[in-house]
Amino acid sequence: MKENMLTDRERDAQAAIARQVKSLRQGRRWSLDELASRSGVSKGMLVQIEGARTNPSIGTLCRVAESFGVSIGRLLEAEPEPVVKIVGADEPAVLWRGPDGGTGRLLRGVNDPAFVEVWEWRMAPGEGHDSGDHAPGTREIIQVREGALVVTVDGADYEVRTGETIDFPADRPHRYRNSGAVEAVLTMVVVMPTGELDRRG
């Protein structure tokens, strides 16, 4: 996504990600090379992220967050978390945009006592999203609120219709696509194991 096409909220998210990645990396006394090696994200991309000069893909954010042992939600924190937090309906930034207007928004991510993320996805007919493998032990639960979705896990397709919920291991490549004629609206919950992930191993 081009810089001048970002909304104010997306620019704020980009700046928060830049601050958090740099802070988490420096807190561990890791060089950019070390983080690149652990996450599998190129040093050049990490420089762009820490400089708030790019809007990284969800896959890239996943890899960086997993290498620190945090959720993507932690990377979006602009300030210390309150004990109770209410997230406004228009507050979550769009982290994925489909070619036909679809969106993926992280509604909330928590790190304590477990790593959990809650997403809202809207996919126009024909849109899809490929997701690589997450950290070992990660699971995804998707409830289709409107339309239908085809979820591909390990090369097998599963059709999920309005009102249905799918639960699957997300530590392997998977994909979502709307093969229907109307917009698909879904709520996704991602549950991740705690601890840093070093992709060199």
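Cut-off values and rules
Residues numbered from 1 in each chain as written. Predicted model: local features only at pLDDT ≥ 70, side-chain atom pairs only at ≥ 80, totals over all residues. Heavy atoms only, no water. Helix = DSSP H or I, 4+ residues; strand = E, 2+ residues; numbered from the N terminus. Rg over C-alpha atoms; globule rule 2.2 N^0.38 Å. Buried < 20%, exposed > 50% of the residue type's maximum accessible area, 1.4 Å probe, protein only. Contact = heavy atoms within 4.5 Å. Areas by Shrake-Rupley, 256 points an atom, 1.4 Å probe, with all protein chains shown as cover. Lys, Arg positive; Asp, Glu negative; His and termini not counted. Charge placed at Lys NZ, Arg CZ, Asp CG, Glu CD. Pairing = 2+ DSSP bridges. Axes fitted to C-alpha atoms, helices over the stretch in contact; angles between N-to-C directions. Core = buried A, V, L, I, M, F, W, Y, C linked by side-chain atoms within 4.5 Å. pLDDT = per-residue confidence, 0-100. Salt bridge = Lys/Arg side-chain N within 4 Å of Asp/Glu carboxyl O. Phe/Tyr/Trp six-rings, centres within 6.5 Å; stacked < 30°, edge-to-face > 60°.

## Quick notes on the overall build of the protein
A count of helices and strands for the protein gives five helices and 10 strands. Against the globule reference of 17 Å for 201 residues, the protein gives a C-alpha radius of gyration of 17 Å, in line with a compact fold. Each principal axis of the C-alpha distribution contributes one length, and for the protein these read about 50 × 40 × 35 Å. A total of 201 residues make up the protein; the buried ones form 43% of that total. In the protein, once contacts between residues fewer than 6 apart in sequence are set aside, the share between residues at least 24 apart is 66%. Surface accessibility of the protein: about 10,000 Å² in total, with carbon and sulfur atoms responsible for 50%. Across the protein, the centroid of the 26 positively charged side chains sits 5 Å from that of the 31 negatively charged ones.

## Some remarks on the sheet that holds strand β1 (residues 94–97)
Either a parallel or an antiparallel arrangement is found when strands of a sheet pair, and the pairing is made through backbone hydrogen bonds. Here six strands make up an open sheet; going across it, the order is β1-β2-β3-β10-β5-β8 and the pairing antiparallel. Every other strand in the sheet has two partners, leaving β1 and β8 (165–169) as the edge strands with one partner each. Direction aside, neighbouring strands of the sheet carry axes that sit 20 degrees apart on average.

## Points about the nonpolar core
Looking at soluble globular proteins, one finds that nonpolar side chains tend to be buried together. In this structure, Ile72, Leu75, Trp119, Ile142 and Val151 are the most contacted members of the largest nonpolar core, which totals 41 residues. Sort the elements by how many residues they give to this core and helix α4 (residues 58–68) lands first, with six residues.

## A look at the confidence of the model for the protein
Counting all residues, the mean pLDDT for the protein is 91, and 97% of those residues have values of 70 or more. Predicted confidence in the protein is weakest over helix α5 (residues 72–75), with a mean pLDDT of 88, and strongest over strand β5 (residues 139–146), with 98.

## Some points on unusual backbone geometry
A positive phi angle, near 60 degrees, is found at Arg29, a position not held by glycine. Along the chain, Arg29 falls in the loop between α1 (8–27) and α2 (32–39). You can call Arg29 exposed: its relative accessible area is 77%. Of note, the phi angle at Asp154 is positive, near 55 degrees, even though the residue is not glycine. By the element assignment, Asp154 lies in the loop between β6 (148–153) and β7 (156–161).

## Concerning the pattern of salt bridges
If you walk through the whole model with that rule in mind, you get 22 salt bridges. With its nearest N and O atoms 2.7 Å apart, the salt bridge here joins Arg38 to Glu34. Within this pair, Arg38 and its partner Glu34 are both found in helix α2, separated by four residues, close to a single helical turn. Since its relative accessible area comes to 15%, Arg38 is described here as buried. Arg161 is the salt-bridge partner of Glu164, the closest N and O atoms lying 3.3 Å from each other. Assessed through its relative accessible area of 29%, Glu164 is described here as partly exposed. In this structure, a network of salt bridges that share partners links the residues Arg105, Glu120, Arg122, Arg145 and Glu183.

## Notes on the packing of aromatic side chains
Overall, the coordinates contain four aromatic pairs when judged by the stated rule. Look at Trp96 and Trp121: their rings are 5.1 Å apart centre to centre, the planes differ by 45 degrees, and that puts the pair in the tilted class. Of this pair, Trp96 sits in strand β1 while Trp121 sits in strand β3 (residues 115–123), placing them 25 residues apart in sequence. Taking relative accessible area as the criterion, Trp96 reaches 11% and is therefore assigned buried. Trp121 gets classed as buried once you look at its relative accessible area, which sits at 3%.

## Some thoughts on the sheet that holds β7
The strand order across the open sheet formed by four strands is β4-β9-β6-β7, and the pairing between neighbours is antiparallel. Two strands bound the open sheet, and with one partner strand each, they are β4 (128–131) and β7. On average, each strand axis in the sheet is tilted by 15 degrees relative to the strand beside it, whichever way the strands run. In terms of strand pairing, β4 meets strand β9 (residues 174–177) through four bridges, oriented antiparallel. Within β9, the residue paired with His129 across the bridge is Tyr176.

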